[in-house]
Amino acid sequence: MKILAIKNHHAEGLGYIEEVLKDRGVDFEYCEAWNGDRKTGGDAYIILGGPMGVYESDRYDFLKWEIDLIRNEKNRLILGICLGAQLIAGAYGKRVYPHIREIGWFQVEKVADDPIFHGIPERIEVFQWHGDTFDLPDDAKLVFRGEQVQNQGFRVNNAVGIQFHLEMTLDLIEEWVRTTEGVDDRIIEESKDRIEEHNRLCEIMVDNLIREIEKNHNI
């Protein structure tokens, strides 16, 4: 099994997902799309976050490539995180637009089950870092809903998107907070009490992801 992780920014990698994949013996590779890489393949894709918006694809042409990849890929599972989720919505013809800025810890409600999120509780506190949102694709199933930003997680066909960042580690949170102007550094202290549970939820998601890939590809 091999997972291809598509990066849209040098600082936004797999985070804790990388640690879980290594622990489970699952091979993965990065596609540095932001830096001109256009590799495809593997058994599944994880499309990661980035500070740009889907509506800026004329400025960031790699976003157009990713949208085309999502539209054309019908067999492999696609997991989109933050910008990755927004790219899935955009690939299905839906609007992605500036909205409420959420940075830090917010509660979301699980309103439907999905194989990728089986075993995750009905209410969880997750790490957010976004200012955009999206309209839900036609025929999509809403899985997670937020109080201020409703569309927090969904599935449409072979694509699953989450607006929040289950991949975060404490080191990543510290790096993002300290390198971003105007972000309250109290988020770092808040994260120390929350990151262990957050990592546990990430492990549940990744284990489910691995099982679904195995099922889809008879691995």
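Notes on the structure follow. Bear in mind that the values here come from a model prediction, so they are computed numbers and not experimental data. (Residues numbered from 1 in each chain as written. Predicted model: local features only at pLDDT ≥ 70, side-chain atom pairs only at ≥ 80, totals over all residues. Heavy atoms only, no water.)

**Examining the environment of Arg-178**
Examined against the element boundaries, Arg-178 turns out to sit in helix H4 (residues 170-178). The class for Arg-178 is exposed, based on a relative accessible area of 61%. (Helix = DSSP H or I, 4+ residues; strand = E, 2+ residues; numbered from the N terminus. Buried < 20%, exposed > 50% of the residue type's maximum accessible area, 1.4 Å probe, protein only.)

**Looking at the environment of Pro-98**
Inspection of the secondary structure puts Pro-98 in strand E5 (residues 96-110). Sequence separation between Pro-98 and Tyr-55 is 43 residues; the distance between their C-alpha atoms is 9.6 Å. Setting aside its immediate chain neighbours within four residues, Pro-98 contacts Tyr-55, Gly-131 and Asp-132. (Contact = heavy atoms within 4.5 Å.)

**With respect to the environment of Arg-95**
Relative to the elements of secondary structure, Arg-95 occurs in the loop between helix H3 (83-91) and E5. When the C-alpha atoms of Arg-95 and Phe-134 are compared, they prove to be 5.6 Å apart, with 39 residues separating the residues in sequence. Those residues in contact with Arg-95, other than ones at most four positions away along the chain, are Thr-133, Phe-134 and Asp-135.

**Digging into the pairing of strand E9 (residues 159-162)**
Taking every second residue as pointing to the same face, both faces of E9 are buried, with Ala-159 and Gly-161 on one and Val-160 and Ile-162 on the other. Sheet topology places strand E4 (residues 77-81) next to E9; 4 bridges connect them, and they run parallel. Counted as the bridge partner of Ile-81 is Ile-162 from E9. Where strand E8 (residues 151-156) folds back onto E9 in an antiparallel hairpin, the turn is made up of 2 residues, including Asn-157, whose phi is positive at roughly 55 degrees. (Pairing = 2+ DSSP bridges.)

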